[in-house]
Amino acid sequence: MTVSLEVADGVGTLRLDRPPMNALDVATQDRLKELAEEATRREDVRAVVIYGGEKVFAAGADIKEMQDMDHTAMVLRARALQDSFTAVARIPKPVVAAVTGYALGGGCELALCADYRIAGENAKLGQPEILLGLIPGAGGTQRLSRLIGPSRAKDLIFTGRQVKADEALTLGLVDRVVPAAEVYAEAHAWAARLAQGPALALRAAKESVDVGLETDIETGLAVERNWFAGLFATEDRAIGMRSFVEEGPGKAKFR
């Protein structure tokens, strides 16, 4: 399989495994969607790591496969391409991308679907589609501009240039930079910590932020308000408040 889902200690690792560069062909896209939906459903998965291995995250789409596709073929495929990435973005649990080596084109777009990005010092990210006479087609024009702002996103998209880890951190394209050998361990630790948190509250927080970014502030406030009030019906809320009163902050053990 070109993508696998391995679960341990509440953390599901979505592992890309299509040597040598984890090119995201149609079969890999479809498998990614399938496993993202599985991670969404599974109660034993409380947080997710997306990882491509020690040397490369994903170098982009399979250009040889796309070269043989005409306009009609891509009209039929483009929605499925976007849907595979959207399935990752909509996992209602904390998701961290562990980025080593190249994360270009579709690889960069996949990293953008995560809530948090930890990059190795050897990482290189970018949207080089313009160099093929194309634009990003798996959400790059939308998610990148929302993450780093429209002018910075346009610079990367218009030029197709690659940025190293230190510039990606300055741009806000990644959130932490660590030695390449430590990327997966750091990402797993981030996910494992959140896997112990209140699952429904984390889901509420993620949905409130994401929906708010896609709509006007009044609608976003309504989503936040409804989730905030609704969480008062959960056992985790009762556990969290009782623990705070009796033991102080940060000691609650959620179920």
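Whatever comes next refers back to the structure up there.
Since this is a predicted model, take the numbers as computed values, not measurements.

**Q** Account for the overall build of the protein chain, with residues named and values stated.
**A** In terms of regular secondary structure, the protein chain is built from eleven helices and nine strands. In terms of C-alpha radius of gyration, the protein chain reaches 19 Å, essentially the compact-globule figure of 18 Å for 255 residues. Scored against the burial criterion, the 255 residues of the protein chain give a buried share of 43%. Taking the contacts inside the protein chain whose residues are at least 6 apart along the sequence as the reference set, 70% of them involve residues at least 24 apart. Surface summary for the protein chain: the accessible area is close to 13300 Å², and the carbon and sulfur share equals 55%. Averaging the locations of the 31 positively and 36 negatively charged side chains of the protein chain gives two centres separated by 2 Å.

**Q** Outline the side chain of Asp-236, supporting the account with residue identities and numerical values.
**A** With respect to the element layout, Asp-236 can be found in helix H11 (residues 235-247). Salt bridges are absent for the buried Asp-236, whose nearest opposite-charge side chain, Arg-46, sits at 5.3 Å. Apart from residues lying up to four places away in sequence, Asp-236 is in contact with Pro-198, Ala-199, Phe-254 and Arg-255.

**Q** Describe in detail the sheet that holds strand S8 (residues 162-164), supporting the description with residues and values.
**A** As summarised here, the arrangement of the three strands in space is S5-S7-S8, forming an open sheet in which the pairing is mixed. The open sheet has two edge strands, strand S5 (102-104) and S8, and neither has a second partner. Sheet twist, expressed as the mean angle between neighbouring strand axes with direction ignored, is 20°. Direction of pairing for S5 relative to strand S7 (residues 124-126): parallel, over a ladder of three bridges. Following the sheet pairing, Ala-103 is matched in S7 by Leu-125.

**Q** Give a description of the pairing of strand S2 (residues 11-16) that names residues and reports values.
**A** Along S2, five of the six residues are buried, which leaves the element largely enclosed by surrounding structure. Across six bridges, the pairing between strand S1 (residues 3-8) and S2 is antiparallel. Looking at the pairing, Ala-8 lines up with Val-11 of S2. Joining the antiparallel neighbours S1 and S2 is a turn of two residues, in which Asp-9 adopts a positive phi near 55°. In the sheet, S2 pairs with strand S3 (residues 47-51) via five bridges, with the strands oriented parallel. Residue pairing across strands places Leu-14 opposite Ile-50, the latter belonging to S3. Read as a crossover between parallel neighbours, the route from S2 over helix H1 (residues 26-41) to S3 is right-handed.

**Q** Describe the sheet that holds strand S6 (residues 116-120), with residues and values.
**A** Here we have six strands laid out as an open sheet, ordered S1-S2-S3-S4-S6-S9, and mixed in their pairing. Both outer strands of the open sheet, S1 and strand S9 (176-178), are each paired with one neighbouring strand and no more. Within the sheet, the average angular offset between the axes of one strand and its neighbour, ignoring direction, is 20°.

**Q** Which residues make up the pattern of salt bridges, and what values go with them?
**A** If you walk through the whole model with that rule in mind, you get twelve salt bridges. Linking Arg-42 and Glu-38 is a salt bridge whose minimum nitrogen-to-oxygen distance equals 2.9 Å. Salt bridges linked by common partners bring Arg-18, Asp-25 and Asp-62 together as one network.

**Q** Residues and numbers for the nonpolar core, please.
**A** If you look at the biggest cluster of nonpolar residues, it comprises 45 residues, and the most contacted ones within it are Phe-57, Val-88, Val-99, Leu-110, Leu-125, Leu-144 and Leu-173. Among the elements that make up this core, the one with the highest residue count is helix H3 (residues 71-89) (five residues). Look past the residues within four positions of Leu-110 in its chain and what remains in contact with it is Leu-16, Leu-32, Ile-50, Phe-57, Phe-85 and Val-88. One finds Ala-47, Ala-98, Val-178 and Ala-191 within the second-largest nonpolar core, a separate group that totals 13 residues.

**Q** Quick rundown of the packing of aromatic side chains? Include the residues and the values.
**A** Under the defined criterion, the tally for this structure stands at three aromatic pairs. Ring geometry for Tyr-51 versus Tyr-184: centroids 4.7 Å apart, planes at 35°, classification tilted. Here the residue Tyr-51 occupies a position in strand S3, and Tyr-184 occupies one in helix H8 (residues 183-195), the gap between them amounting to 133 residues. By relative accessible area, Tyr-184 is classed as partly exposed at 26%. With 5.0 Å between their ring centres and 5° between their planes, Tyr-116 and Trp-190 make a pair best called stacked. With Tyr-116 in strand S6 and Trp-190 in helix H8, this residue pair connects regions lying 74 residues apart in the sequence. On the accessibility criterion, Trp-190 (13% relative accessible area) is buried.

What counts as what
- Residues numbered from 1 in each chain as written.
- Predicted model: local features only at pLDDT ≥ 70, side-chain atom pairs only at ≥ 80, totals over all residues.
- Heavy atoms only, no water.
- Helix = DSSP H or I, 4+ residues; strand = E, 2+ residues; numbered from the N terminus.
- Rg over C-alpha atoms; globule rule 2.2 N^0.38 Å.
- Buried < 20%, exposed > 50% of the residue type's maximum accessible area, 1.4 Å probe, protein only.
- Contact = heavy atoms within 4.5 Å.
- Areas by Shrake-Rupley, 256 points an atom, 1.4 Å probe, with all protein chains shown as cover.
- Lys, Arg positive; Asp, Glu negative; His and termini not counted.
- Charge placed at Lys NZ, Arg CZ, Asp CG, Glu CD.
- Salt bridge = Lys/Arg side-chain N within 4 Å of Asp/Glu carboxyl O.
- Pairing = 2+ DSSP bridges.
- Axes fitted to C-alpha atoms, helices over the stretch in contact; angles between N-to-C directions.
- Right-handed = clockwise from strand over helix to strand, strands pointing away.
- Core = buried A, V, L, I, M, F, W, Y, C linked by side-chain atoms within 4.5 Å.
- Phe/Tyr/Trp six-rings, centres within 6.5 Å; stacked < 30°, edge-to-face > 60°.

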